Amino acid sequence: MSTRAFAAHSATTPLAPFSFARREPLATDVQIEILYCGVCHSDLHQARNEWSEFAGTAYPCVPGHEIVGRVTKVGKDVTKFKAGDFAAVGCMVDSCRTCPSCTRGLEQYCTHFPTFTYNAPDKHSGGVTFGGYSESIVVDEAFTLKVSDKANLAAVAPLLCAGITTYSPLRHWGAGPGKKVGIVGLGGLGHMGVKFARAFGAHVVLFTTSPNKIEDGKRLGAHEVVVSKNAADMAKHASSFDFVLDAVSAEHDINAYLSLLKLDGTLCLVGAPEKPLPVAAFNLLLPRRQFAGSGIGGIAETQEMLDFCAERGITSDVELIPIQKINEAYDRLLKGDVKYRFVIDMASLKQAA
Ligand code: NAP
Ligand code: ZN
Ligand code: ZN
């Protein structure tokens, strides 16, 4: 089926209209008309080929992995969805389903590599996968999520990446009552991290480079907000945290955050800057600190997170944009000027062709 989209055609040119063919739904596939797609900083990294060593970009590249829409057609063996239902798709559309990670529900760590929603080898077309900056998508029901029809769907879309990427490590490292938890960077991921850490009952401290985000940080759930450029304020928190989640998209001094950890505390990186971050050995050695990473979350945990959010009334704070403003949105992301996730209203795509 011919599908309208926006694509990056090279690392240095703006995203522009593009169209391609989606497959007709196979037996276990769900076809979804995309209503909203969140704009993740990963889309920008990938469109501009900033992760060339890990995953070089194949052009044209259609980004987008925070997808919410309406089911338009299902394959004959589909049991979870029917036409008219709301459905969501996150960062993965498939995996090997048999390796030790997949059988534990950790498809994101598939030893054969998951099929990411965009810029991954497409098992069906033989080309690469195309993501959510498009009018529709076809995904196996095993990788399709259920969303509540009561929520504001535009504000649900960012849960599919920003939400699960912060929910999963906060759960894994036990952020909860009695724990002091830091969130670094108040962007798309960071603002969901603040909301979840607060909802889980931890004492939450936000670290931001932007003094103008102090009030928002508190409104979103932080007990304390520290402007990280202020060394004296940083020093007050030295060696006091159980867990710090770093969601910064650019080069920054990781040692400043390692020194916030107490004995056996963990700093988990979810931000994926283009360049390596140097670590000073003694910041890890004394007092036995851990430096970890975490990637999105498995399908079952993503559904658990969506259900948790529906129950607690948690959504993302979003700024709705037409797809024609996507290049402007990328420029604003680079300036940290987003409150706190851009979401594309996909109805705008119909005016773009
Ligand atoms: P975003 O909305 O652009 O937020 C990033 C935030 O980082 C900014 O708002 C800013 O917060 C802070 N920041 C930016 N430049 C900085 C600098 N030079 N020094 C210090 N702080 C800086 O990005 P996002 O969509 O949340 O994504 C964040 C990162 O996570 C990206 O690298 C993305 O690729 C990665 N990511 C990883 C996963 C995963 O599975 N691990 C999943 C999704 C995204 P303040 O203004 O508060 O300082
Ligand atoms: Zn993402
Ligand atoms: Zn696997």
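Right, let's walk through the structure included here.

Rules used in this analysis
Residues numbered from 1 in each chain as written. Chains lettered and ligands numbered in written order. Predicted model: local features only at pLDDT ≥ 70, side-chain atom pairs only at ≥ 80, totals over all residues. Heavy atoms only, no water. Near = heavy atom within 4 Å. Polar contact = N/O pair within 3.5 Å; in protein donor to acceptor, adjacent residues only side chain to side chain. Areas by Shrake-Rupley, 256 points an atom, 1.4 Å probe, with all protein chains shown as cover. Helix = DSSP H or I, 4+ residues; strand = E, 2+ residues; numbered from the N terminus. Nonpolar A, V, L, I, M, F, W, Y, C, P; charged D, E, K, R; others polar. Salt bridge = Lys/Arg side-chain N within 4 Å of Asp/Glu carboxyl O. Buried < 20%, exposed > 50% of the residue type's maximum accessible area, 1.4 Å probe, protein only. 1 Å grid on protein atoms, 1.4 Å probe; cavity = no way out; pocket = protein on both sides within 12 Å on 5 of 7 lines; lining within 4 Å. Points joined across faces, edges and corners; volume = space filled by probe spheres on them. Donors = N, O, S within 2.8 Å, 3.2 Å for Na, K, Ca; no water. Tetrahedral: all angles 85-135°; square planar, octahedral: opposite > 155°, others 65-115°. Core = buried A, V, L, I, M, F, W, Y, C linked by side-chain atoms within 4.5 Å. Contact = heavy atoms within 4.5 Å. Phe/Tyr/Trp six-rings, centres within 6.5 Å; stacked < 30°, edge-to-face > 60°. Lys NZ or Arg CZ within 6 Å of the ring centre and 35° of its normal.

Describing the site of ligand 1
Near ligand 1 lie 29 residues; those nearest to it are H41, T208, T209, S210 and R341. G188 places a polar main-chain atom, nitrogen or oxygen, 2.8 Å from an oxygen atom of ligand 1. Here a nitrogen atom of ligand 1 and a backbone polar atom of V270 are 2.9 Å apart. Relative to its unbound accessible area of 930 Å², ligand 1 is 88% covered by the protein chains. Of all the secondary structure elements, the ones that give two or more residues to the shell around ligand 1 are α1 (41-47) and α6 (188-199). Among the elements that line the shell around ligand 1, the one with the most residues is α1, at 3 residues. Looking at side-chain class alone, the shell around ligand 1 contains 12 nonpolar, 14 polar and 3 charged residues.

Brief notes about the pattern of salt bridges
Under the counting rule described, the total for this entry stands at 20 salt bridges. A salt bridge links K150 to D149; its shortest N-O distance comes to 4.0 Å. Comparing K150 with D149, the two get one shared label, exposed. One network of salt bridges, with partners in common, ties together K195, D216, R219, D317 and K339.

Describing empty space enclosed by the protein
Over the atoms rolls a probe the size of a water molecule, and its path tells where empty space is left. In total, this model carries 1 cavity of 30 Å³ or more according to the counting rule given. If you trace the largest cavity, you find it lined by G90, C91, M92, L145, L160, I164, I296, G297, I299 and T302. Class assignment for the residues of the lining of the largest cavity results in 7 nonpolar, 3 polar and no charged.

A few points about the coordination of the zinc ion (ligand 3)
At 2.3 to 2.4 Å from the zinc ion (ligand 3) lie its protein donor atoms, namely C96 (SG), C99 (SG), C102 (SG) and C110 (SG). The site at the zinc ion (ligand 3) holds 4 donor atoms, and with the angles between them running 104 to 118°, its shape is tetrahedral. In primary-sequence terms, the residues that donate to the zinc ion (ligand 3) follow C-x2-C-x2-C-x7-C. Given the relative accessible area of 25%, C96 is considered partly exposed. For C99, a relative accessible area of 5% puts it in the buried group.

Let's talk about the nonpolar core
Among soluble globular proteins, nonpolar side chains are generally buried collectively. In terms of nonpolar packing, the biggest core is built from 88 residues, with Y133, L170, F196 and I326 touching the most fellow members. When neighbours within four sequence positions are excluded, L170 is seen to be in contact with A175, V181, I183, G193, F196, A197, F200, F243 and L245. Core analysis: the next-biggest nonpolar cluster, separate from the first, contains 16 residues, V205, V226, L258 and L277 among them.

Section: the layout of surface pockets
Of the voids in this model, the second largest pocket is the one considered here, and its volume is about 320 Å³. Looking at the second largest pocket, it is lined by 20 residues, and the ones nearest its centre are R22, R23, D122, T129 and V138. Those elements that provide at least two residues to the lining of the second largest pocket are β2 (16-21), β6 (92-94) and β8 (136-140). With 4 residues, β8 is the single largest residue contributor to the lining of the second largest pocket. Across the lining of the second largest pocket, the residue classes break down as 8 nonpolar, 6 polar and 6 charged.

A word on the environment of D264
Residue position: D264 is located in strand β14 (residues 261-269). Of the residues examined, D264 reaches a relative accessible area of 35% and is grouped as partly exposed. For the pair D264 and H223, spaced 41 residues apart in the sequence, the C-alpha separation amounts to 23 Å. Here D264 is in contact with P287, R288 and Q290, once residues within four sequence places are set aside.

Examining the environment of A58
Position of A58 among the secondary structure elements: in the loop between α2 (52-55) and β4 (67-74). Measuring from C-alpha to C-alpha, the distance between A58 and T129 comes to 9.8 Å, with 71 residues separating the pair along the chain. Excluding anything up to four places from it in sequence, A58 contacts N119 and V128.

Here we look at the packing of aromatic side chains
Summed over the entire model, instances satisfying the criterion amount to 14 aromatic pairs. Where F196 meets F200, the ring centres are 6.0 Å apart and the plane angle is 15°; that geometry is what we call stacked. Classification of F200 as buried rests on a relative accessible area of 9%. Across the ring face of F241, the terminal group of K180 is positioned such that the distance to the ring centre comes to 4.5 Å.

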